[in-house]
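Examining the three-dimensional arrangement
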Amino acid sequence: MQASSCRLLEQIMNPSIARDTPPPPTEQEAAALHKRRLRAELLARRKALLDEDKIAADAIIGQRVLDWCATYAIHSLAVYQPIRREPDLSAAYNALAARGVHLCLPVVVDKDSALEFRAWRPGDPLEKDGMGTLVPPAGTTVVQPQALLIPCLGVNAAGCRLGYGGGFYDRTLAASPRPLAVGVCHGFGRVEFEAQAHDIALDNVIFDDI
């Protein structure tokens, strides 16, 4: 007798088996599932942005980053190279470098470790790492920035960031002393989710008007 027929016969002989349902998810599992769904929705919405809307949003965020850096007298800032249609702030990076702000870029050194930051100026050579992100090459000076500019898929009311789920920035911000952390996010990224034990709130978030 085939296995499927055996299972059907067993269910007929013991109806309680057919009525069995999986146990409800734990609170932690439900929170993680909600985050995964939010990631998919926000990635799709970001991908659907018209080019002209994205250019306008990038310009708004870039100017607000410049204003924030001036307000808080930021002299050393970790920036990022955009992936997956994250805000492109290259014009702001050029302006910051012209003001004398020391820039650096994050580098993943291990999947379970905090990020490393390597000195960088616009125009310096970059290479792709194992995750396809552009980073300064090995041997570049490692620095400890005053502040981090962090791209966000979403942010909740408590200032906790929704990223891609790798936890790199959370591990970096868990170190002591920690740098200032400012997120950049589209306006539609204002979402609600329960913070988990590893989530660390940002110090500030810069939104566009979308």
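Preceding block: the structure.
Attention here is on the structure that accompanies the text. Per chain, residue numbering runs from 1 following the sequence as it is written. Where local features are concerned, this predicted model is filtered to residues with pLDDT of at least 70; where side-chain atom pairs are given and counted, the filter is 80 or more; whole-chain, interface and lining totals use all residues. Only hydrogens and water are set aside; all other atoms, that is, all heavy atoms of the structure, feed into the side-chain values.

1. Digging into the nonpolar core
By size, the foremost hydrophobic cluster in this structure holds 23 residues, and its most contacted members are L77, L89, L103 and L149. Think of it this way: any DSSP run of H or I at least four residues long counts as a helix, any run of E at least two long counts as a strand, and we number them from the N terminus. For this core, the element with the highest residue contribution is helix 4 (residues 51-71), accounting for five residues. For this analysis, residues touch if any pair of their heavy atoms sits within 4.5 Å. With residues up to four places along the chain from it excluded, the contact list for L89 reads D58, I61, G62, V65, Y80, L149 and V184. Nonpolar cores are built from buried Ala, Val, Leu, Ile, Met, Phe, Trp, Tyr and Cys residues. Side-chain atoms within 4.5 Å join them into one set. Throughout this description, buried means an accessible area under 20% of the type-specific maximum (1.4 Å probe, protein chains only), exposed means over 50%, and partly exposed covers the range between. With 16 residues, the next largest nonpolar core counts F117, V155, L202 and F207 among its residues.

2. A few points about the sheet that holds strand 2 (residues 102-107)
Spatially, 3-2-1-6-9-10 is the arrangement adopted by the six strands of the open sheet, whose pairing is mixed. Edge positions in the open sheet fall to strand 3 (116-119) and strand 10 (204-207), since each of these has one partner strand only. Between one strand axis and the next, the sheet turns through 30° on average, direction left out of account. Two strands form a pair only when DSSP identifies at least two bridges running between them. With four bridges connecting them, strand 2 and strand 3 associate as antiparallel partners. Residue pairing for strand 3: P106 is matched across the bridge by F117. Only the stretch in contact is used when fitting a helix axis, every axis being a line fitted to C-alpha atoms; angles between N-to-C directions are given from 0 to 180 degrees. Running over the sheet, helix 4 touches strand 1 (76-78), strand 6 (147-151), strand 9 (180-185) and strand 10 and is turned about 145° from strand 10.

3. What about the packing of aromatic side chains?
Centres within 6.5 Å make a pair out of two Phe, Tyr or Trp rings, where for Trp the six-membered ring is used; the pair is then stacked when the planes are under 30 degrees apart, edge-to-face when over 60, and tilted otherwise. Throughout the structure, instances matching the rule amount to three aromatic pairs. Seen in terms of ring centroids, W68 and Y72 are 5.1 Å apart; in terms of plane orientation they differ by 35°. Their pairing is tilted. Taking 6.1 Å as the distance between ring centres and 85° as the angle between the ring planes, the aromatic pair formed by Y93 and W120 counts as edge-to-face. Taken together, the residues span a long stretch of sequence, with Y93 in helix 5 (residues 90-98) and W120 in the loop between strand 3 and strand 4 (127-128) at a distance of 27 residues. For W120, a relative accessible area of 6% gives the class buried. In this structure an aromatic cluster arises from ring pairing among Y80, Y93 and W120. The ring of Y164 has R84 lying over it, and the distance from NZ or CZ to the ring centre is 4.7 Å. Remark: a charge is flagged as sitting over a ring if the NZ atom of Lys or the CZ atom of Arg is within 6 Å of the ring centre and within 35 degrees of the ring normal. Between R190 and the ring centre of F207, over which it is positioned, the NZ or CZ distance is 3.9 Å.

4. As for the pattern of salt bridges
One speaks of a salt bridge when a side-chain nitrogen belonging to Lys or Arg is within 4 Å of a carboxyl oxygen belonging to Asp or Glu. Taken as a whole, this structure holds seven salt bridges when the rule is applied. Across the salt bridge formed by R85 and D51, the nearest N and O atoms sit 3.8 Å from each other. With R85 in the loop between strand 1 and helix 5 and D51 in helix 4, the pair connects residues that are 34 residues apart, well separated along the chain. For R85, a relative accessible area of 27% corresponds to the partly exposed category.

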